[in-house]
Amino acid sequence: MDKSKLNKEQLLAVEHIDGPLLILAGAGSGKTMAMTHRIANIIEKGTDPYNILAVTFTNKAASEMRERVENLTPDTRGLWIMTFHAMCLRILRYHAEALGYKKGFTIYDEGDKKSLIKRIIKNLNINDKNYPVSLIINTISKAKEREEGPEKYYDLNSGDFRSETIYNVYREYTNKMMANNAMDFDDLLLNGVRLLESEPDVLRFYQDRFKYVMVDEYQDTNYLQYKLIKYLSGGYGNLCVVGDDDQCIYQWRGADISNILDFEHDFPNVKTIRLEQNYRSDGNILSLANSLISNNTKRKRKKLWTNRTKGRKIEY
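All of the points below concern the structure found in this document. These figures come from a predicted structure and were not determined experimentally. (Residues numbered from 1 in each chain as written. Predicted model: local features only at pLDDT ≥ 70, side-chain atom pairs only at ≥ 80, totals over all residues. Heavy atoms only, no water.)

So, on to the overall build of the protein. When its secondary structure is counted, the protein shows 14 helices and 8 strands. Projected onto the principal axes, the alpha-carbon positions of the protein cover approximately 65 × 55 × 35 Å. Across the 316 residues of the protein, 48% fall into the buried class. Here the analysis covers contacts within the protein between residues at least 6 apart in sequence; of these, 79% occur between residues at least 24 apart. Element-wise, carbon and sulfur atoms account for 48% of the exposed surface of the protein, whose accessible area totals about 16300 Å². One way to put it: in the protein the 47 positive side-chain charges average out to a point 3 Å from where the 43 negative ones average out. (Helix = DSSP H or I, 4+ residues; strand = E, 2+ residues; numbered from the N terminus. Buried < 20%, exposed > 50% of the residue type's maximum accessible area, 1.4 Å probe, protein only. Contact = heavy atoms within 4.5 Å. Areas by Shrake-Rupley, 256 points an atom, 1.4 Å probe, with all protein chains shown as cover. Lys, Arg positive; Asp, Glu negative; His and termini not counted. Charge placed at Lys NZ, Arg CZ, Asp CG, Glu CD.)

Each full turn of the α-helix corresponds to 3.6 residues, which orients residues three or four apart in the same direction. When the terminal C-alpha atoms of helix α2 (residues 31–44) are compared, their 20 Å separation across 14 residues agrees well with the 20 Å that a helix rising 1.5 Å per residue should span. For α2, a buried count of 11 out of 14 residues is recorded, marking the element as mostly surrounded by other parts of the structure. When we look at burial in α2, the residues that qualify are Lys31, Ala34, Met35, Thr36, His37, Arg38, Ile39, Ala40, Asn41, Ile42 and Ile43. One or two positions beyond α2, positive phi appears at Gly46, with a value near 115°. (Expected span 1.5 Å × (residues − 1).)

Our focus in this paragraph is the packing of helix α6 (residues 133–145) against helix α8 (residues 161–179). One way to put it is that α6 packs onto α8 with a least axis distance of 10 Å and a crossing angle of 75°. In terms of orientation, α6 and α8 fall into the roughly perpendicular class. Residues Leu135, Ile136, Thr139, Ile140, Ala143 and Lys144 of α6 form the contact with α8, whose participating residues are Arg162, Ile166, Val169, Tyr170 and Tyr173. (Axes fitted to C-alpha atoms, helices over the stretch in contact; angles between N-to-C directions. Parallel < 35°, antiparallel > 145°, perpendicular 65-115°, else oblique.)

Look at α8: 27 Å from first C-alpha to last across 19 residues, which is about the 27 Å you get at 1.5 Å a residue. Taken as a whole, α8 has its buried residues at Ser163, Thr165, Ile166, Tyr167, Val169, Tyr170, Tyr173 and Met177. Its buried side turned inward, α8 meets β4 (106–108), α5 (110–123), α6, α7 (150–157), β5 (182–184) and α9 (185–198).

Below, the discussion takes up empty space enclosed by the protein. The tally for this structure, following the rule as stated, stands at 1 cavity of 30 Å³ or more. Approximately 30 Å³ is the volume found for the largest cavity. Along the walls of the largest cavity sit Leu92, Arg93, Tyr94, Ala96, Glu97, Lys102, Lys103, Gly104 and Phe105, which together make up its complete lining. When the residues that make up the lining of the largest cavity are grouped by side-chain class, the tally is 4 nonpolar, 1 polar and 4 charged. (1 Å grid on protein atoms, 1.4 Å probe; cavity = no way out; pocket = protein on both sides within 12 Å on 5 of 7 lines; lining within 4 Å. Points joined across faces, edges and corners; volume = space filled by probe spheres on them. Nonpolar A, V, L, I, M, F, W, Y, C, P; charged D, E, K, R; others polar.)

Under the counting rule described, the total for this entry stands at 10 aromatic pairs. Pairing Tyr153 with Tyr170 gives two aromatic rings, centres 6.2 Å apart and planes at 70°, and the pair type is edge-to-face. In this pair, Tyr153 is assigned in helix α7 and Tyr170 in helix α8, connecting sequence segments 17 residues apart. An identical accessibility class is assigned to Tyr153 and Tyr170; each is buried. Taken together, a centroid distance of 5.7 Å and an interplanar angle of 80° make the contact between Tyr218 and Phe263 edge-to-face. (Phe/Tyr/Trp six-rings, centres within 6.5 Å; stacked < 30°, edge-to-face > 60°.)

Moving on to the environment of Tyr223. Mapped onto the secondary structure, Tyr223 falls in helix α11 (residues 223–232). A relative accessible area of 41% means that Tyr223 is categorised as partly exposed. Setting aside residues no more than four positions away along its own chain, Tyr223 makes contact with Glu145, Glu147 and Gly254.

A contiguous nonpolar surface patch, about 360 Å² in accessible area, is contributed by Ile285, Leu288, Leu292 and Ile314. Within the secondary structure, Ile285 sits in helix α14 (residues 283–293). (Patch = residues over 30% accessible without salt bridge, like charges linked within 9 Å, V, L, I, M, F, W, Y side chains within 5 Å. Salt bridge = Lys/Arg side-chain N within 4 Å of Asp/Glu carboxyl O.)

On inspection of all chains with the given rule, the structure shows 21 salt bridges. Residue Arg68 is joined to Glu64 by a salt bridge in which the shortest nitrogen-to-oxygen separation is 3.0 Å. Remark: Glu64 and Arg68 occur in helix α3 (residues 59–72); sequence separation between them is 4 residues, near one turn of the helix. Overall, the relative accessible area of 28% leaves Arg68 in the partly exposed class. As a salt-bridge pair, Glu70 and Arg66 come within 3.7 Å of each other at their nearest N and O atoms. Taken together, the residues Glu70 and Arg66, both in helix α3 and 4 residues apart, mark about one turn of the helix.

Now the structure itself:
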């Protein structure tokens, strides 16, 4: 593997293999190059690809990462590079019976979910103008992100008429999904956590398997994703997360910026590496971005710089 194109900080990240590692990667700083070279380096040092897990947020990012790793090292058989949802789906395909599902369970997409919720609203004689389908779907999704099943949701919101009405839909929706041997996308993460918490043998199997765990875009992880990663990396403690606390954009879907801000507290003896050299933007853009973002109070110290020219002056 040729490491000559890596800068000093990228090379440090690639060469640091054991123990918890936090890579604070600014925009355009070559984080994907650092991650893929690090995976290839772990394999070249003698680790079976079967023992490596890399998780990201989109199928496109996972596909690009896998392709780049395959270009760096010839043998990637058994290597898991995938999204959180795909990872949970693969695990649940083997073990969902422990949660009461049958083999070959179905995945409901957003259209399937919407149709089922509509039928339930109609059967319960609920006015869909007062309780729009989108509101109920969003409320149920948020509840699942917080690990609130129907009964817990009811206990936390009892006394509120609107919440009690949504609870009736949530309870019926949960029952119908189990009867149909189906999960939605929220269930994949929720059931992944439930499985690891309720089945010690399953948890031990995956902790033994994944000697090295890597997570991309860690600043966008939510509570369930945080728990999944903490469980799966608990065997060896070789967890590497890559992210930028200045780019958390998915709070609307539960992303918790404290996951990356508190990483050094959650995982003692962590090595922190900052990727600050930017390869994408001219100097004037970075100067403006740095001066603005420096006013944020909840962030890690980081300042992007570039070898490129200053470029055009910024116009307002």
